[in-house]
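Each chain, written out:
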Amino acid sequence: MPLKLFDKNTFLLKRYWKMVQKIKEKEKIYSKATNLELINAAKNLSDPNDPATLYEAYAICRIVAKRTIGLYPFDEQLLGAIVLHEGKIAEMKTGEGKTLVATMPLFLNALTKKGVHLVTVNDYLARRDALWMGPIYLFLGMRVSVINQLGKSYEVVWKNKSLFEQAVERNLSVWPEGYEDEVLKDSTKNQEALEAFAVELVEITRKEAYLCDIVYGTNNEFGFDYLRDNLVLDLSEKVQRGHFYAIIDEVDSILIDEARTPLIISGPAKEGAAVYKRFAALAKRFVKDEDFVVDEKTRTVSLTEKGIEKAEKLIGVENLYDPNNVKQLYHLLNALKALHLFKRDVDYVVMNQQVIIVDEFTGRLLPGRRYSGGLHQAIEAKEGVPIREETITYATITFQNYFKMYEKLAGMTGTAKTEEEEFKQLYGMEVVVIPTHKPMIRKDHEDLIFRTQAEKYQAIVKDVLERYKKGQPVLIGTTSIEKSELLSEMLRKAGIPHQVLNAKHHEKEAMIIAQAGQKGAVTIATNMAGRGTDIKLGEGVAELGGLYVIGTERHESRRIDNQLIGRSGRQGDPGESRFYLSLEDDLLRIFGAEQLEKIMNLLKIQPGEPIYHPMLTKLVQTVQKKVEGINFAIRKQLMEMDTVLDAQRKSIYSLRDHILGCDEKELDEYVSQIFEGFIDTRISQFSEGKQLNFEAFENSLRILPKGVLQLDSIKQMDVEEIKQNLIEQLKKAYVRKKEEIGADYVKFMKFLMVRIIDDNWRQYLEEVEHVKEAVNLRAYGHKDPIIEFKRETYQMYDEMMDRINELIVTWMFRVVKVDREKSEKEAKRELANLQLIHEEFDILNRAERRKLQKDGKIKKRFKVKR
Ligand code: ADP
């Protein structure tokens, strides 16, 4: 291994310390400034990329923080603030005051007026932190908002503006925390200042919230808002205004733990079974080559003129190509496909009342896979087996790809170092470890390992009882709700009063956990519970050894263990920690079974006695590293797959934006492009070499209504002439159509196009899911799933784009009159009924989750409805 010549972290810190000195020099200039002078100085700043601006902004911020909320940022906090401005990850231990650190880079980057985002792990923390830090921002002339679930959005405002104005005039300021001994605690002036700088939340619209300079909200809300913005039918309904700079609090939780599952917006379930049955019956009355044509190669079915008339009569609609009737048309086409393109025992088999797809290359059955876009249901209807209803994915994105859109991304957490490599590889973000303000004196004891879980829990209870008698507060971390309950029951039997937190009620639990450092407090909490809330020690607790943290098993990631331990020993407090393990713990059982057995054979263990053996301690670490590696690989693969999808998503979304935003001239230009694409595709489809199969080509154009194209005249032409001629004809027909529709046509065309794009994109997303599953299966056949995935999806995407063009061309000539208002209403109603889904995921708890699902204790998916 090459010798490390210098430690990167030390090297970086050296540079940052120099910058801190520069800030402190500026601070000297401002420390005597009046409130008004500070406000004006803040107004004069503009360019965050100018180092001089950083020094001034941070110096001003530091003084303002002290005057408005009574917190004076430590030098180490300035270090962290510099790291965040540089788009890196600041690792700062729990209790080091990250909330305050973030105010400086947020203010600095908000100077651009582009809007900066602070991402928290839950709604409660978004509100709390925005309210807590709000006075600093408002003083500095920034607007601050909070976005929460269910579309709730708030702005942070002065409780009493005129009191604030007076405070500026009278130069009032809040006494800094920690200085109570030196100044009169009950100073009336301090009371006045506190009142003058008090803030509150008022409700505003989502869009207004995003117009604020600084926005606090959860990763889910930011992500869902982005997805929803790309479902709108009118650009003015978008709420976000770009992705400039974000700081992610608890960045490891968000970019690593939660990033395992994407955000999904899904629509209402497709039609009920009756509809599929009706169309299955209907389809039988259509005659091949007369009412419709089948293209085996592309596996598509198109209706002829005659077929359309027939369908309109049978279904009972005036115009099948009215966007309001789009569903009926799809149903009919699917039913026809099911009948004429998909063959039983070739493409699929029917087994146990289910339609199971046959892999066309290997002939293997693919149970669980389904055709998309309602086709599978259509086949089920044809075969007379039960029809399974499904929801449709409207939009989806992974956190990785959402956050990669930001021009600059920063993060902070107490535990990033163990995942340094992942941050670097997947996000290009560096981790900088910031020294603690005061030295850390917590005692971390060696793990105790027991033979069985029962013995382990008994030992824990015994330990807790001893501490409880002494009055030392204990925090017990568990890996699941079930285990919390088990332990709670045992403590109850032992007569130890305690609290249990399950990360269900963030606000209430934050209150409880804040008390976990009081004398005699015993608290059981899962990993997620009470996150972001500081545990302060009660009076006399320091003398008892501070907060004692017990881990009831090693988590699959060392980082999560560190999060738990980090709850104790904050800000130079005393504290202790200890992990209790057993050979029956999931981690050891699942991932270390082999080695474990070897060690077991070596040792002779007395029941109830902990086992000390260096090999065991080593094994635990090896296993943790192994699982971390597996999880990293999974995340990396998910990310690589989503990267392909990401490029496609972006181009679809920008196409949508282009269409929704274009004027008449741009629209006409775009339509010409579509005509070209349409004809091009057709020609290449029916050409072999340079030879155009004219008959098939002509036949394929029959999907256009009569009168659009005159085909007699082109027979004698060469391919290039044909192309030009047909495009011209299409353009002329388009002009006629425009006149027919009248003034409304721009709006109408946009609507039509976007609907077609959306429908196809949704169907594509569904198909992509299937491909993902399929390539993962193929991975066993020694094929690289990523390469396979790319190959297939690129092709599918191209096909989709061709299909979109074709649909637009066929539709626009068919529509006669459209109740656009009705269509829009319908579309809006659909959008109002979406489900927002972010599935939680955890390897170890998967088995447990399944059990809970089976017992009906938890829902299959974690859903937020709005
Ligand atoms: P973290 O998120 O890093 O765990 P918090 O932002 O929750 O920490 O802050 C922890 C505690 O430290 C809070 O009670 C806060 O009031 C206190 N604190 C933060 N910065 C300072 C400071 N500069 N001076 C005094 N107390 C501070």
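What counts and what doesn't
Residues numbered from 1 in each chain as written. Predicted model: local features only at pLDDT ≥ 70, side-chain atom pairs only at ≥ 80, totals over all residues. Heavy atoms only, no water. Helix = DSSP H or I, 4+ residues; strand = E, 2+ residues; numbered from the N terminus. Near = heavy atom within 4 Å. Areas by Shrake-Rupley, 256 points an atom, 1.4 Å probe, with all protein chains shown as cover. Nonpolar A, V, L, I, M, F, W, Y, C, P; charged D, E, K, R; others polar. Domains from an automatic or database assignment. Axes fitted to C-alpha atoms, helices over the stretch in contact; angles between N-to-C directions. Parallel < 35°, antiparallel > 145°, perpendicular 65-115°, else oblique. Contact = heavy atoms within 4.5 Å. Pairing = 2+ DSSP bridges. Expected span 1.5 Å × (residues − 1). Buried < 20%, exposed > 50% of the residue type's maximum accessible area, 1.4 Å probe, protein only. Salt bridge = Lys/Arg side-chain N within 4 Å of Asp/Glu carboxyl O.

1. Side note on the environment of T53
And step 1. By secondary structure assignment, the location of T53 is in helix α3 (residues 51-69).
And step 2. The spacing of T53 and I23 is 30 residues in sequence and 9.9 Å in space, taken between C-alpha atoms.

2. Considerations on the site of the ligand
And step 1. Near the ligand, the surroundings consist of 19 residues, among which Y72, Q77, G95, T99 and Q571 are the closest.
And step 2. When the ligand is considered free in solution it has 570 Å² of accessible area, and contact with the protein chains removes 89% of it.
And step 3. Tallying contributions element by element places helix α5 (residues 98-110) first for the shell around the ligand, with three residues.
And step 4. Across the shell around the ligand, the residue classes tally to six nonpolar, six polar and seven charged.
And step 5. Taken domain by domain, the makeup of the shell around the ligand includes at least three residues from each of domain 1 (8-159 + 202-264 + 400-433) and domain 4 (443-612).

3. Remarks on the packing of helix α21 (residues 558-565) against helix α24 (residues 614-661)
And step 1. Where α21 meets α24, the axes come as close as 9 Å, and the angle between the chain directions of the two elements is 115°. With respect to their mutual orientation, α21 and α24 come out roughly perpendicular. Across the interface between the two elements, R558, R559 and D561 from α21 touch Q624, K625 and E628 from α24.
And step 2. Each residue belonging to the contact of α21 with α24 can be placed in one class, and the counts come to no nonpolar, one polar and five charged.

4. Comments concerning the sheet that holds strand β3 (residues 144-147)
Adjacent strands of a sheet pair through backbone hydrogen bonds, lying either parallel or antiparallel.
And step 1. Spatially, the nine strands line up as an open sheet ordered β5-β4-β3-β6-β2-β7-β15-β1-β16, and their pairing is mixed. Single-partner strands in this sheet number two, and they are β5 (199-204) and β16 (431-433). Geometrically, the sheet is characterised by an average inter-axis angle of 25° between neighbouring strands, direction not taken into account.
And step 2. In the sheet, strand β1 (residues 89-91) pairs with strand β15 (residues 408-413) via three bridges, with the strands oriented parallel. Counted as the bridge partner of A90 is M412 from β15.
And step 3. Across the sheet, α5 is in contact with β2 (116-120), β6 (214-218), β7 (245-249) and β15; its angle to β2 comes to roughly 160°.

5. Some words on helix α25 (residues 664-685)
Counting along an α-helix, one turn takes 3.6 residues, and residues three or four places apart therefore face a common direction.
And step 1. Here α25 contains 22 residues, and its C-alpha end-to-end distance of 31 Å stays within 8% of the 32 Å for a straight helix at 1.5 Å per residue.
And step 2. Buried residues of α25: L667, D668, Y670, V671, S672, I674, F675, G677, F678, I679, R682 and I683, and no others.

6. What to know about the pattern of salt bridges
And step 1. Scanning the entire structure with this criterion turns up 52 salt bridges.
And step 2. A salt bridge links D225 to R228; its shortest N-O distance comes to 2.7 Å. Of this pair, D225 and R228 both sit in helix α10 (residues 219-229), separated by three residues, roughly a single helical turn.
And step 3. By relative accessible area, which is 3% here, D225 ends up buried.
And step 4. For R228, a relative accessible area of 21% translates into the label partly exposed.
And step 5. Several salt bridges converge on common partners, so that one network encompasses K24, E27, R62 and D75.

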